[in-house]
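Structural features, examined
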Amino acid sequence: MEPEVFSFQSLEQGSKAAAKFIANEVEDIVRSHGLASIVLTGGRTPRILYEYLAAQPFKDSFSWQKTHFFWGDERCVPKKHPDSNYALAYETLLSKLDLPDKNIHRMPADLATVNEGAAQYETTIRDFFNQKAALSLNDERCEIEGFDLVLLGMGEDGHIASLFPGEKTLLEENRWVAPVESDKGSPPLPRLSLTLPIINRSRCVLFLISGARKIEVMQSILAGPEEASRWYPAAMVKPKGRLIWFAAE
Ligand code: 6PG
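To start, this report covers the structure provided alongside it. This structure is a prediction, so every number in the text was calculated from the model and none was measured.

A look at the nonpolar core
Counting 78 residues, the largest nonpolar core has Leu194 and Phe207 as the members making the most contacts within it. At nine residues, the largest contribution of residues to this core is made by helix α1 (residues 11-33). Once residues lying within four places of it in the same chain are set aside, the contact partners of Leu194 are Val39, Trp71, Gly72, Met107, Tyr121, Ile125, Phe147, Leu163, Trp176, Val177 and Ile199.

Rendered as structure tokens:
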């Protein structure tokens, strides 16, 4: 599918539009499939979006009861640490929704080793897909193994989640969750990250980016994704379903 691009004059406007899109998408998915799965992003950009989703009119949607939340990546810090992507989403959004705890699937980036955390989270994802398949009509099973909606930010170097330019994690073809020892992140911490194989199985990937440099990277990707994928991991995001960019100035 061709990428869909929507431009906004401010992150405030882009976040408001993204909240509306996500809320409507989740409602449609829950109505059609019974359960929805969303992958949240970290970083600074999504904060306003999460605050919009945690407020009226989206806050009281019944669809949240049937929505499962995952993360695209996590820094190896305690879950209440200010650098934790879980803490960002929990404090601004998840703690404000009427949501069963079992629907929140935190990335265990605080286990003894990052390898252990990656293996455990992959099991969590596979178990969820298996449960969802068991609930679905047979003819849907083949397409279940993929998240319904993956929300991604992007670094100015074109990284997504914790998949950084030039890192071997970009070449991962089998594991769905990878340990990341790179110091290219900000903050430069060990991390866990979803990999491209699982991201690209998604029904929909929604990028939310802000700033001239990121828009420049996006335009370079749209103009020539193959060439751009030599430099920018974001160019390697080619979901089974929709690829949408919400770009704010
Ligand atoms: C992380 C994020 C990361 C983020 C980009 C953009 O853990 O750092 O998941 O991939 O989306 O770095 O971050 P900003 O939104 O802060 O620019």
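Once the structure has been displayed, the description carries forward.
Some points on the side chain of Ser84
Looking at the secondary structure, you find Ser84 in the loop between β4 (73-75) and α3 (85-92). Take Ser84: its relative accessible area is 3%, and that puts it in the buried class. A distance of 3.1 Å separates a polar atom in the side chain of Ser84 from the backbone nitrogen of Tyr86. Other than its neighbours up to four places away in sequence, Ser84 contacts Glu74, Val77, Pro78 and Lys79.

Some remarks on the site of the ligand
Of all residues adjacent to the ligand, which total 16 residues, the nearest are Thr45, Asp73, His159, Ala161 and Lys214. Between an oxygen atom of the ligand and a side-chain N or O atom of Arg191, the distance comes to 3.4 Å. Between the ligand and Lys214 there is a distance of 2.6 Å, counted from an oxygen atom to a side-chain nitrogen or oxygen. Relative to its free-state accessible area of 420 Å², the ligand is covered by the protein chains to the extent of 92%. Structurally, the ligand is housed in the largest pocket.

Regarding the environment of Leu97
With respect to the helices and strands, Leu97 occurs in the loop between α3 and α4 (114-135). According to the relative accessible area criterion, Leu97 is buried, its value standing at 7%. Taking the C-alpha atoms as reference, Leu97 lies 29 Å from Glu4; in sequence the two are 93 residues apart.

A closer look at the sheet that holds strand β5 (residues 149-152)
An order of β1-β9-β8-β5-β2-β3 is seen for the six strands of this open sheet, with the pairing classed as parallel. Here the strands that pair on one side only, and so sit at the sheet edges, are β1 (4-8) and β3 (67-71). Taking the axes of each pair of neighbouring strands and ignoring which way they run, one obtains an average angle of 15° across the sheet. Contacts from helix α7 (residues 212-223) reach β1, β8 (204-210) and β9 (242-248), with the element oriented near 150° to β9.

With respect to unusual backbone geometry
With an omega dihedral of 5°, the bond running from Gln56 to Pro57 counts as a cis peptide bond. Note that Pro57 resides in the loop between α2 (47-53) and β3. Omega for the peptide link from Ser186 to Pro187 comes to 5°, which places this bond in the cis form. With respect to the secondary-structure elements, Pro187 resides in the loop between β6 (177-180) and β7 (191-194). Even without glycine at this site, Ala161 takes up a positive phi of about 45°.

Looking at the layout of surface pockets
What the largest pocket holds in volume is close to 620 Å³. Broken down by secondary-structure element, the contributors of at least two residues to the lining of the largest pocket are β4 and α3. The dominant element in the lining of the largest pocket, judged by the number of residues it contributes, is α3, at four residues. Taken together, the residues that form the lining of the largest pocket break down as nine nonpolar, twelve polar and eleven charged. Put simply, the second largest pocket is a space of about 210 Å³. Together, 13 residues line the second largest pocket, and Pro3, Pro225, Val237, Lys238 and Leu243 are the ones closest to its centre.

A short note on the pattern of salt bridges
According to the stated counting rule, one finds 14 salt bridges in the structure shown. Salt-bridge contacts for Glu167 lead to Lys184; the nearest nitrogen and oxygen are separated by 3.2 Å. Taken as a pair, Glu167 in the loop between β5 and β6 and Lys184 in the loop between β6 and β7 lie far apart in primary sequence, 17 residues in all. A relative accessible area of 41% places Lys184 in the partly exposed class. With a closest N to O distance of 3.4 Å, Glu172 and Arg175 form a salt bridge. Look at Glu172 and you get buried, because its relative accessible area is 19%. When salt bridges that share partners are traced, they join Glu27, Asp28 and Arg31 into one network.

Regarding the environment of Thr41
Here Thr41 shows up in the loop between β2 (36-40) and α2. Residue class for Thr41 comes out buried when judged on its relative accessible area of 11%. Between the alpha carbons of Thr41 and Phe207 there is a distance of 9.5 Å; along the sequence they are 166 residues apart. Not counting the four nearest positions on each side in its chain, Thr41 is found in contact with Pro46, Tyr50, Leu151, Leu152 and Gly153. Looking at Thr41, its side chain comes within polar contact range of the main-chain nitrogen of Gly153, at 3.3 Å.

Here is what the cut-offs are and how they apply
- Residues numbered from 1 in each chain as written.
- Predicted model: local features only at pLDDT ≥ 70, side-chain atom pairs only at ≥ 80, totals over all residues.
- Heavy atoms only, no water.
- Core = buried A, V, L, I, M, F, W, Y, C linked by side-chain atoms within 4.5 Å.
- Buried < 20%, exposed > 50% of the residue type's maximum accessible area, 1.4 Å probe, protein only.
- Helix = DSSP H or I, 4+ residues; strand = E, 2+ residues; numbered from the N terminus.
- Contact = heavy atoms within 4.5 Å.
- Polar contact = N/O pair within 3.5 Å; in protein donor to acceptor, adjacent residues only side chain to side chain.
- Near = heavy atom within 4 Å.
- Areas by Shrake-Rupley, 256 points an atom, 1.4 Å probe, with all protein chains shown as cover.
- 1 Å grid on protein atoms, 1.4 Å probe; cavity = no way out; pocket = protein on both sides within 12 Å on 5 of 7 lines; lining within 4 Å.
- Sits in = over half its atoms within 2 Å of the grid points.
- Pairing = 2+ DSSP bridges.
- Axes fitted to C-alpha atoms, helices over the stretch in contact; angles between N-to-C directions.
- Points joined across faces, edges and corners; volume = space filled by probe spheres on them.
- Nonpolar A, V, L, I, M, F, W, Y, C, P; charged D, E, K, R; others polar.
- Salt bridge = Lys/Arg side-chain N within 4 Å of Asp/Glu carboxyl O.

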